[in-house]
Amino acid sequence: RDLLAVLGLTETASPTLRMQAPGHAPLARSQPSVAVLPFANLSADPSQEYFCDGMAEEIINALAQLEGMRVVARTSSFAFKGKNEDVREMGRQLGVGALLEGSVRKAGNRLRITTQLINVADGTHLWSERFDRDMEDVFAIQDEISLAVTDALKGRLLGEEKAKIVKRHTENFEAYRAYLKGRYHWFIRSSESIERAIEYLEEAVSLDPEYALAYAGLADCYGVLPMYRPVAPDVVYPKARAAAEKALALDESLAEAHAALSCILENYEWDWDGSEREIDRAIALNPGYATAYQWKAEDLITRGRFKEAVEHMNKARELDPLSLFMNARVGMA
């Protein structure tokens, strides 16, 4: 309770932690909140940027699994990449009580990862740690960071909650590295980058045929490819569906795969009932997944249920407040 008071997350929270966007619903002030900033690449090799971004994104995804804690989506937290802004100002714009920042230095097979959890209210450190490990220990490092952040903001986790945080989708480091490269290119969002993402994700599933999260990534890529280049939907959407179904066969609890399948059912097969069922399942599995709320809103717009669509888009924007795309979609709804 004392820590939450320090973070400004009690009923007497500072107004600076509330959203400032006009018309935006205020955040639940009793809810712990955190943004994971992109990790700085201190390696001599600039091509390691994908690894630094990927580590931060993996921690975001792990923390977002927890109910009762608001975790800002990647788009918004990465808006500060390469910028040297004041902690209080970043916290105000993101509407959070704490920021996690870090750096990665890679030399050969060795990693040095430094992280610190910062109290937005006064800039003090709530927790910090340095990890000097081999590359293959990256999974354990991510688990330790996620658990330490959760412990500082939310308290000790019960067994089921802890299992969500430390869940590993692969033990194959090379498959994991290919997956991170795939997601790195996915977020660039150009026709060339999505093609590169598909290549890396195909590599990931060839290295680990049971890598459900990589199949979900393939479903995302194939599902949006017709929006970026002239490719026949009849060619790519069946590939997207096959990848989503493979992911769900391996891990039915994967929210990303349910969300990807929902988009395929809506945009290609026009199965709106099936689409709604899948996107509702995605939200139930991961209530911190901003994209799922966005796709739910777009499904509701298609049905003419505009009031509900606005509610879901506002939820998506709450989780991803600095995303121009999310803000535009609120206007669309």
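Whatever comes next refers back to the structure up there.
Undergrad: I'd like a description of the packing of helix H13 (residues 290-302) against helix H14 (residues 306-319), backed by residues and values.
TA: Any two packed helices are characterised by the angle at which their axes cross and by the distance between the axes. Two elements in contact, H13 and H14, have axes separated by 8 Å at closest approach and are oriented at 165°. Relative to H14, the element H13 is oriented roughly antiparallel. For the pair H13 and H14, the sense of crossing is left-handed. Between H13, through Ala290, Tyr293, Gln294, Lys296, Ala297, Leu300 and Ile301, and H14, the contact on the second element is made entirely by Phe306, Glu308, Ala309, His312, Met313, Lys315, Ala316 and Leu319. Residues belonging to the contact of H13 with H14 are distributed by class as follows: ten nonpolar, two polar and three charged.

Undergrad: I'd like a rundown of the pattern of salt bridges, residues and numbers included.
TA: Enumeration according to the criterion identifies 26 salt bridges in this entry. Close ionic contact of arginine 177 with glutamate 174 constitutes a salt bridge, the shortest N to O distance being 2.7 Å. Of this pair, arginine 177 and glutamate 174 both sit in helix H7 (residues 173-186), separated by three residues, roughly a single helical turn. For glutamate 174, a relative accessible area of 40% translates into the label partly exposed.

Undergrad: Give me the packing of helix H9 (residues 212-228) against helix H11 (residues 255-267): which residues, what numbers.
TA: Axis separation between H9 and H11 bottoms out at 9 Å; the angle between their running directions is 25°. Classed by the angle they form, the pair H9 and H11 counts as roughly parallel. Handedness of the H9/H11 crossing: left-handed. Here H9 contributes Leu213, Ala216, Ala219 and Asp220 to the contact with H11, which in turn contributes Glu256, Ala257 and Ala260. Classifying every residue of the contact of H9 with H11 by side-chain character gives five nonpolar, no polar and two charged.

Undergrad: Residue-level account of the pairing of strand S5 (residues 110-119), with values.
TA: Note on strand geometry: in a regular strand, side chains alternate between the two faces of the sheet. Counting buried residues along S5, seven of its ten residues qualify, which places the element largely inside the surrounding structure. Bridging between strand S4 (residues 98-107) and S5 involves ten bridges; their strand directions are antiparallel. Bridge pairing in S5 places arginine 105 opposite arginine 112. Adjacent in sequence and paired antiparallel, S4 and S5 are bridged by two residues, among which glycine 108 carries a positive phi angle near 65°. Two strands pair when backbone bridges link them, and S5 and strand S6 (residues 125-134) are joined in this way by nine bridges, in the antiparallel orientation. Counted as the bridge partner of arginine 110 is aspartate 134 from S6. Between the antiparallel neighbours S5 and S6 lie five residues, among them glycine 123 with a positive phi of about 80°.

Undergrad: Explain the packing of aromatic side chains to me, and be specific about the residues and the numbers.
TA: Counting across every chain of the model gives five aromatic pairs. Summarising the aromatic geometry, the rings of tyrosine 237 and tyrosine 268 are spaced 4.9 Å apart at their centres and angled 15° between planes, so their arrangement reads as stacked. Of the two residues, tyrosine 237 sits in helix H10 (residues 233-250) while tyrosine 268 sits in the loop between H11 and helix H12 (272-285), which places them 31 residues apart along the sequence. Residue classification places tyrosine 237 among the buried positions, given a relative accessible area of 7%. The class for tyrosine 268 is partly exposed, based on a relative accessible area of 28%. Each member of the aromatic cluster is reached from another via a ring pair, and the members are Phe139, Phe173 and Tyr176. Arginine 74 extends its terminal NZ or CZ atom over the ring of phenylalanine 187, reaching a point 3.7 Å from the ring centre.

Undergrad: Could you give me a rundown of the environment of lysine 246, with the residues and numbers involved?
TA: Looking at the secondary structure, you find lysine 246 in helix H10. You can call lysine 246 partly exposed: its relative accessible area is 36%. The sequence separation of lysine 246 and alanine 219 amounts to 27 residues, and the corresponding C-alpha distance is 9.6 Å. For lysine 246, the residues in contact, after removing those within four places along its chain, are Pro209 and Tyr215.

Undergrad: Which residues make up helix H5 (residues 138-154), and what values do they have?
TA: Compared with the 24 Å implied by 1.5 Å per residue over 17 residues, the 24 Å span of H5 between its first and last C-alpha is a close match. Within H5, twelve of the 17 residues are buried, leaving the element largely enclosed by the surrounding structure. For H5, every residue scored as buried is listed here: Val138, Phe139, Ile141, Gln142, Asp143, Ile145, Ser146, Ala148, Val149, Thr150, Ala152 and Leu153.

Undergrad: So what's going on with the pairing of S4? Residues and values would help.
TA: Pairing analysis gives three bridges linking strand S1 (residues 33-36) to S4, with the strands arranged parallel. Bridge pairing links alanine 35 to leucine 99 in S4. Inspection of the sheet shows strand S2 (residues 40-41) paired to S4 by two bridges, in the parallel sense. Residue alanine 40 lies in a different strand from S4, and its bridge partner there is serine 103.

Undergrad: Residues and numbers for the side chain of serine 77, please.
TA: Relative to the helices and strands, serine 77 resides in helix H3 (residues 74-77). Discounting chain neighbours no more than four positions away, the residues touching serine 77 are Ala35, Val36, Leu37, Pro38, Ile60, Val72 and Leu94.

Undergrad: Describe the environment of alanine 292, and please don't skip the residues or the numbers.
TA: With respect to the secondary-structure elements, alanine 292 resides in helix H13. In this structure alanine 292 comes out as buried when scored by relative accessible area, which is 0%. Between the C-alpha atom of alanine 292 and that of histidine 258, which follows or precedes it by 34 residues, the distance is 9.1 Å.

Rules and cut-offs
- Residues numbered from 1 in each chain as written.
- Predicted model: local features only at pLDDT ≥ 70, side-chain atom pairs only at ≥ 80, totals over all residues.
- Heavy atoms only, no water.
- Axes fitted to C-alpha atoms, helices over the stretch in contact; angles between N-to-C directions.
- Helix = DSSP H or I, 4+ residues; strand = E, 2+ residues; numbered from the N terminus.
- Parallel < 35°, antiparallel > 145°, perpendicular 65-115°, else oblique.
- Left-handed = near helix turned anticlockwise from the far one by under 90°.
- Contact = heavy atoms within 4.5 Å.
- Nonpolar A, V, L, I, M, F, W, Y, C, P; charged D, E, K, R; others polar.
- Salt bridge = Lys/Arg side-chain N within 4 Å of Asp/Glu carboxyl O.
- Buried < 20%, exposed > 50% of the residue type's maximum accessible area, 1.4 Å probe, protein only.
- Pairing = 2+ DSSP bridges.
- Phe/Tyr/Trp six-rings, centres within 6.5 Å; stacked < 30°, edge-to-face > 60°.
- Lys NZ or Arg CZ within 6 Å of the ring centre and 35° of its normal.
- Expected span 1.5 Å × (residues − 1).

Functional significance is not addressed by these values, which are geometric in nature.
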